[in-house]
Amino acid sequence: MAFDNTFYATVALVIFLALAMYFGIHTIIAKMLDKQIQKIADDLAEAKKLREEAAALLVEYEQKRVAAEGEAEGIIAAAKEEATRLTAEAQASLADLITRRTKSVEDKIGQAESQAVAEVRARSADVAIEAARLVLTDEMNRKGGQVVDKAIADVGNRLN
């Protein structure tokens, strides 16, 4: 029987595998593969845990966003109500101010009218007194003696 290269290669492979089995290389390789499988399983578990945490954070942030939007809408509504209230107060204050100023101006006009009437009356009285003085002076110059005699007679009649 002639031994060729294929036979020697097959015999060498069988010897190599027998030695590998004898020295426990298959268990070492199995342990390495088990470690690698365990590492991959741990990495998958960690990735699943991180994914769940991320999903929980996403839900939490979504709730916070919704709450913040609701709060912002509340703030906007409160600001609109405050603006409406301040506008109404400002309009009421303006109307009150206009009423007070109008009353003040009307009072001043009334005082000015009263003062003008009083001045006209005083001036009219001064003019009337002056006219009466002039008339009396003129009358006294013309009929002074008769008027005095008549006044004395009237006083005498009234005393009796």
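For the structure, see preceding data.
To start, this report covers the structure provided alongside it. (Residues numbered from 1 in each chain as written. Predicted model: local features only at pLDDT ≥ 70, side-chain atom pairs only at ≥ 80, totals over all residues. Heavy atoms only, no water.)

Below, the discussion takes up a negative patch on the surface. On the surface, Asp42, Asp43, Glu46, Glu52 and Glu53 cluster together into a negatively charged patch. Tracing the backbone shows Glu46 in helix H2 (residues 25-159). (Patch = residues over 30% accessible without salt bridge, like charges linked within 9 Å, V, L, I, M, F, W, Y side chains within 5 Å. Areas by Shrake-Rupley, 256 points an atom, 1.4 Å probe, with all protein chains shown as cover. Salt bridge = Lys/Arg side-chain N within 4 Å of Asp/Glu carboxyl O. Lys, Arg positive; Asp, Glu negative; His and termini not counted. Charge placed at Lys NZ, Arg CZ, Asp CG, Glu CD. Helix = DSSP H or I, 4+ residues; strand = E, 2+ residues; numbered from the N terminus.)

In this fold, Gly74 is placed in helix H2. Residues Gly74 and Glu46, 28 residues apart in the sequence, show an inter-C-alpha distance of 41 Å.

Turning to the pattern of salt bridges, a few remarks are in order. Taken as a whole and assessed by the stated rule, the structure comprises seven salt bridges. Here Glu89 makes a salt bridge to Arg85, at a shortest N to O gap of 2.3 Å. With Glu89 and Arg85 both in helix H2, this residue pair falls four residues apart, about one helical turn. Residue classification places Glu89 among the partly exposed positions, given a relative accessible area of 39%. Exposure remark for Arg85: the relative accessible area of 38% places this residue in the partly exposed category. Salt-bridge contacts for Asp107 lead to Lys103; the nearest nitrogen and oxygen are separated by 3.2 Å. Remark: Lys103 and Asp107 occur in helix H2; sequence separation between them is four residues, near one turn of the helix. Classification of Lys103 by relative accessible area gives partly exposed; the value is 47%. What you see here is one network of salt bridges that share partners, running through Glu62, Arg65 and Glu69. (Buried < 20%, exposed > 50% of the residue type's maximum accessible area, 1.4 Å probe, protein only.)

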